[in-house]
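Listed here are the chains, written in short residue letters.
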Amino acid sequence: MRTILIILALPLASYAFAQEANDIIKALEENLSYLEYVTPHTEHSTMVSIGHANRLDTYLSPEEYEGTDIRFISSSMRMSHGTWDKQFTHEGAFDYTNNRAGNGKTLAGHYNFAFSMLKPLDVAVNRLELRAGFASDLYLGFAYNMHNSSNNPAQGYASLSLGATAIATYKIKIFNKLLPINYEVRIPMIGAMFSPAFGQSYYEIFNNGNYDSNIVLTTIAIPQFKHQLTIDYPIGKHTNLRIGYLGDYRQSKPNHLKQHTYTNSFIVGYVTGI
């Protein structure tokens, strides 16, 4: 009886061994070790960016302000073979802008936290990895208009949104090295934000308790998105140098006000845990 069971189990064991061998071969073809292919691991990226900012907030001024935007970005991607990948991104930024007349300046800053869950997708193109899923986005910030001495000199920002996200990675071969080109995009779909009403002061809201639709629904009807295009170059066994472009386009029209912050930046940093 034991001999019969062993004979019956041999085809199943052979099939399992063949599948394991195929997985190893596939991992080697993609320039990955077998352990990296089947074992969950985390990639960390640390980047700084500097670029141009265009800012408008009609609560503070009807004019657009332009200047320099500087950001620090820290991101972690926890990748698990065959399941949902999880990405955590922290971003801190400051921008210093001026109006066209040169007689008004605005100092602004924000903290942005994004949590994304992405599912690896099967694609037929060699060296291409594609992930897609959803993301939550928390945004907290401020703007101080130095030209306004007493009439609404400052504005606060707070918003929370849910949306879609995707990451595409394509590896190009240069001088016998595979260099990953990464494109990442995040698009808020629906959420809520805080905003004073037109002509309403913060004193009325927080001191007198005169609320007037200060929590506003946001939707994709007023589109906003954030994307970045980068290329990585290996500088160590588990470290890549990363350079690229970052574009962040936020806009809203709450309570008869117009707000936008458009930035285009050059980014540089490094990636570890590859």
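Above: the structure in question.
Anyway, here's the lowdown on the structure attached to this text. (Residues numbered from 1 in each chain as written. Predicted model: local features only at pLDDT ≥ 70, side-chain atom pairs only at ≥ 80, totals over all residues. Heavy atoms only, no water.)

### A closer look at the overall build of the protein
For clarity, the cut-off: Strands are runs of DSSP state E lasting at least 2 residues, helices are runs of H or I lasting at least 4, and numbering of each runs from the N terminus. For each residue, the accessible area found with a 1.4 Å probe, counting protein chains only, is set against the maximum for its type, and the residue is called buried under 20%, exposed over 50%, and partly exposed in between. Here a residue-residue contact requires only that any non-hydrogen atoms of the pair lie within 4.5 Å.
In terms of regular secondary structure, the protein is built from three helices and 11 strands. Traced from its N-terminal end to its C-terminal end, the protein shows the element sequence α-α-β-β-β-β-β-β-β-α-β-β-β-β. Considering the protein as a whole, with its 274 residues, one finds that 37% of them fall into the buried category. Within the protein, residue pairs in contact and separated by at least 24 positions form 61% of the contacts whose partners lie at least 6 positions apart.

### Brief notes about the pairing of strand β5 (residues 128-145)
We count it as follows: Only when DSSP finds a minimum of two bridges between them are two strands counted as paired.
The sheet contact formed by strand β4 (residues 105-121) and β5 spans 16 bridges and is antiparallel. Residue pairing in the sheet places Asn112 in a bridge with Tyr139 of β5. Here β4 folds back onto β5 in antiparallel fashion, the turn holding six residues, of which Arg127 has a positive phi close to 70°. One ladder, built from 17 bridges, connects β5 with strand β6 (residues 154-174); its direction is antiparallel. Looking across to β6, one finds that Gly133 is bridged to Thr165.

### Remarks on the nonpolar core
Cut-off, in case you're wondering: As used in this record, nonpolar core signifies buried Ala, Val, Leu, Ile, Met, Phe, Trp, Tyr and Cys residues forming a set joined through side-chain atoms within 4.5 Å.
With seven residues, the main nonpolar core is built from Tyr59, Leu60, Ala108, Tyr139, Ala143, Tyr157 and Leu257. Contacts of Ala108, omitting those with residues within four sequence positions, involve Arg55, Ala93, Phe94, Asp95, Phe142 and Ala143.

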